[in-house]
Amino acid sequence: MRGRGNGGGGEGEGAPATVVTPSAEFPPLDRAELGALRSIGERWQVPPDGPPPAPDRLPLDPTLERTRAEPAPGRFGRLAPIAMFRAGEPGELVATEPANAPSTRAGQALFRCRRALFGPPLTSAAVFYERMRKLVALPVLSSDLLSSVAYGPEAMLAVLVLAGSTALGLSLPLAAVLAVLMVAVGLSYRQTVVAYPHGAGSYVVARENLGVRPGLFAAAGLMVDYVLTVAVSVAAGVHAVTSALPGLARYTVPLGLLTIAVLLAGNLRGVRAAGNLFVWPTYAFVFALLAVLLVGYVRAGARGFEPVPPPAVPAAEGLGLLLVLRAFASGAVSMTGIEAVSNAVPVFRPPEWRNARTTLSWMIGMLVALFVGLTVLIHLNGLVPTPENTLLSQLARATFPTGPWYALVQAATALILLLAANTAFNGFPRLLFFMARAGHAPRRFLHMGDRLAFSNGLVALAVTAGAVFLAFRGRTEGLIPLYAVGVFLAFTLSQAGMVVHWRRRRSRGWRRRAAINLLGAVLSGVVLVTAAITKFTEGAFLVVVAVPLLVLTSLAIHRHYRRLHRSLALHAPPDGRRPVPPAAVAPLPGAAEPGAPAEAQELPQQVQHLVVVPVARLNRASLRALAYAASLRQPTLAVHIAPEDPEADRFREQWEAWGDHVRLETIVSPYRTAIGPLAHYLEALRISRPDVLLTVVVPEVVVRRPWHRLLHSRAEHRLRRALRALPGVVVTSLPVHLAE
């Protein structure tokens, strides 16, 4: 599962359904590495005095079976015995759920709180059952797309009204063009779902067909879009609440941050649990809008569909091509979230690609119907944007002037806007998963949490979106200009990538498919360029700057992982000789080269040890460390740092009284520091013999209470940090627990 995905299966039925599993953290070795591993294994020689390899001669039973007794109450369970492991496949043990519990009281309390909030942990095998049926996936993955119709038409009309109320009539042709764009991009993503049934958003499609850098630009655009989706959706939802309840306006920021926290907690419960939690708000919003449209058009039909003249609004700008393009780009924010299904194909029940394509078709149909229907109805009612009330609120008030229906519409709108960010919580972690699998994001984003959710990605999204929401004080009008650039950059690159994909495969009907993707790429590119130019000074410059920075960061991460792979990859030994019997190991026959650096030694017969034991004073901890070092049967050196000569003499006398069993080297530090001189001394030893592996055994006193740490210098931790950068140095901590 490493590197490139299983991209490009022309037929959805024959391609693998998912690559999103907990095993993605542990990629298998490739063929070259397996060959190198076999070559190294053939030359592996255990020294004659080393530990016997036979399992039955170990000092304990690693299977926990032959010595198994009834588990007794102990550290992990005081009232009842708890079995922490059970037998699994032959040769393996399986940790049970209680084995995940921490041992400290504070850790156990936190563990119980996590279970109460997020539920019990799920086994790795449950990932194949954490799927959603179409009726659940539709509202979960479409909440962002459908909720955007609550502010998309308003964003378009807010630009047109700058040219006066007479320019509002252009909303109808612009809505028609936007409907064409929605259908074209939707059909393009339907083809993406079939071509990439393992779940591939714009990043994977662009990377595999256009190259690494275009893929990273698409990923950066999507990342910005997902973060802004959360911030904008929450801001719009809070605005809908404060429109109905003006007294809550001063609590805009706390309400928004609380909503983001609730969304995070809900998604940390897992895909299926989050889906069941967020299903009904989306359906309630759709039914509320359908009621508004039905009653609104009945009322308009009663007056012969004669438009109500809008109130006179003075022109602040002249009506020109640039303003029309700005309005078009603003209305295009209604398409954000259209790529969510292609990212999340693996969350569907089998057959995944077919169910995903059906769900996407319903999403596109509902989006076009709601967007065009609302735009035309707003025009028929002569409504104009105002700072006090959203257009949807005005439309609901005009449609339902009496009764509880207006409040129900506002409640459904506020709820869907607040929860629309859930689409981003589905897409953002999966995008980071695909990027991390290719080495363009930290590998921690491959990890699945207790509930098989990408916990690290969810937390990263919540923190970033919360910071953006806080920076803009929850103002929707300040966030909207940032919105279109990132998402339409991803749309454009994804559709261009699909054109290349069909052109390369040249399967049956590839010209028709490529033409659909080409139309989507051209229209998305027009919106991208228009939004970047017309909204640059309104804040879009932040996205224009952020996207290249994210790309550079991803490339830097990839360079680091590439260097790491080069350093840790398995390589066959340079000399292809067969293994030599252990008795003939005099001049290290299996060595890569005589005197090879310590970190280049991969065979037991290559490794030369020197065990170093820093001794501050002779007590039980230091004697335990010396005994442990001597038991390794390797050359051992003790080092003592003394602040002055008299103390050094006294320590040597004590050492001789002990018996002088280990070679002692005393270093006088007249400036009374110990860590620096010791670290430099070890570095000098390493430089003098780079082929010798230095194993530093550090005794460490383990205290029982956290505040006890303040009573100790904890020099062993500082020494470990100082030695971490030295190659060829191993630091072994020997804990000494305080008696009761």
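In what follows, the accompanying structure is described. (Residues numbered from 1 in each chain as written. Predicted model: local features only at pLDDT ≥ 70, side-chain atom pairs only at ≥ 80, totals over all residues. Heavy atoms only, no water.)

1. Side note on the overall build of the protein chain
Phase 1: A tally of helices and strands in the protein chain yields 24 helices and 7 strands.
Phase 2: Here the protein chain holds 740 residues, and 49% of them are scored as buried.
Phase 3: A separation threshold of at least 6 residues defines the contact pool for the protein chain, and within that pool the share at least 24 residues apart is 79%.
Phase 4: Summing over all exposed atoms, the protein chain offers an accessible surface of approximately 35,900 Å²; the carbon and sulfur share of this is 63%. (Helix = DSSP H or I, 4+ residues; strand = E, 2+ residues; numbered from the N terminus. Buried < 20%, exposed > 50% of the residue type's maximum accessible area, 1.4 Å probe, protein only. Contact = heavy atoms within 4.5 Å. Areas by Shrake-Rupley, 256 points an atom, 1.4 Å probe, with all protein chains shown as cover.)

2. Section: the sheet that holds strand S7 (residues 729-737)
Phase 1: Pairing is parallel in the open sheet, where 5 strands are placed in the order S5-S4-S3-S6-S7. Looking at which strands have only one partner, the edges of the open sheet turn out to be strand S5 (663-668) and S7. Neighbouring strand axes in the sheet, compared pairwise and without regard to direction, differ in orientation by 25 degrees on average.
Phase 2: The sheet contact formed by strand S3 (residues 608-614) and strand S6 (residues 692-702) spans 5 bridges and is parallel. When the sheet's bridge partners are listed, Val 612 is paired in S6 with Val 696.
Phase 3: Here helix H23 (residues 675-688) sits on the sheet and contacts S3, strand S4 (636-642), S5, S6 and S7; the angle it forms with S4, its principal contact strand, is near 145 degrees.
Phase 4: Packed onto the sheet, helix H24 (residues 715-723) meets S3, S6 and S7 and runs at close to 155 degrees relative to S6. (Pairing = 2+ DSSP bridges. Axes fitted to C-alpha atoms, helices over the stretch in contact; angles between N-to-C directions.)

3. A word on the packing of aromatic side chains
Phase 1: Per the counting criterion, the structure on display carries 8 aromatic pairs.
Phase 2: Consider the rings of Phe 433 and Phe 434, whose centres lie 5.6 Å apart with planes at 80 degrees: the pair is edge-to-face.
Phase 3: Its relative accessible area of 3% is what places Phe 434 among the buried residues.
Phase 4: Note on Phe 433 and Phe 454: the rings are 5.1 Å apart at their centroids and 40 degrees apart in plane angle, and the pair reads as tilted. Of this pair, Phe 433 sits in helix H15 (residues 422-437) while Phe 454 sits in the loop between H15 and helix H16 (455-471), and the two are 21 residues apart along the sequence.
Phase 5: Taken together, Tyr 189, Phe 488 and Phe 491 form an aromatic cluster joined through their ring pairs.
Phase 6: In this structure, Arg 397 is placed above the aromatic ring of Tyr 406, and the distance from its NZ or CZ to the ring centre is 3.8 Å. (Phe/Tyr/Trp six-rings, centres within 6.5 Å; stacked < 30°, edge-to-face > 60°. Lys NZ or Arg CZ within 6 Å of the ring centre and 35° of its normal.)

4. Re the packing of helix H7 (residues 212-244) against helix H8 (residues 252-268)
Phase 1: One can describe the packing of H7 onto H8 by two numbers: an axis separation of 9 Å at closest approach and a directional angle of 125 degrees. Put simply, H7 runs oblique to H8. The hand of the H7/H8 crossing is right-handed. The residues of H8 that touch H7, namely those facing Val 230, Val 234, Val 238 and Thr 242, are Thr 252, Leu 255, Gly 256, Thr 259, Ile 260 and Leu 263.
Phase 2: Residues that form the contact of H7 with H8 fall into these classes: 6 nonpolar, 4 polar and no charged. (Parallel < 35°, antiparallel > 145°, perpendicular 65-115°, else oblique. Left-handed = near helix turned anticlockwise from the far one by under 90°. Nonpolar A, V, L, I, M, F, W, Y, C, P; charged D, E, K, R; others polar.)

5. What to know about the pairing of S4
Phase 1: Of all the 7 residues making up S4, 7 are buried; the element is thus mostly covered by neighbouring parts of the structure.
Phase 2: By the alternation rule, side chains of S4 split into Thr 636, Ala 638, His 640 and Ala 642 and Leu 637, Val 639 and Ile 641, which are all buried.
Phase 3: In the sheet, S3 pairs with S4 via 4 bridges, with the strands oriented parallel. From the neighbouring strand, Pro 614 faces S4, where its bridge partner is Val 639.
Phase 4: The β-α-β motif built from S3, the intervening helix H21 (residues 620-631) and the parallel element S4 has right-handed crossover chirality.
Phase 5: When S4 meets S5, the two strands line up parallel, connected through 6 bridges. Pairing of His 640 across the sheet is with Thr 666, part of S5. (Right-handed = clockwise from strand over helix to strand, strands pointing away.)

6. Quick look at the nonpolar core
Phase 1: Membership of the largest hydrophobic core comes to 158 residues, with the highest contact counts inside it found for Tyr 203, Val 230, Phe 425, Met 435, Leu 479 and Phe 488.
Phase 2: Broken down by element, this core gets its largest block of residues, 18 residues, from H7.
Phase 3: The contacts of Phe 425, once residues within four sequence positions are left out, are Val 230, Ile 260, Leu 263, Leu 264, Asn 267, Leu 458, Leu 461 and Ala 462.
Phase 4: The next biggest cluster of nonpolar side chains, apart from the first, holds 18 residues, and it includes Leu 610, Ile 641, Val 696 and Val 698. (Core = buried A, V, L, I, M, F, W, Y, C linked by side-chain atoms within 4.5 Å.)

7. Observations regarding the side chain of Thr 399
Phase 1: Take Thr 399: it is sitting in helix H13 (residues 391-399).
Phase 2: Non-local contacts of Thr 399, meaning those with residues more than four positions away in its chain, are made with Val 292, Val 295, Gly 296 and Arg 299.

Without other data, these values stay purely geometric and don't point to any function.
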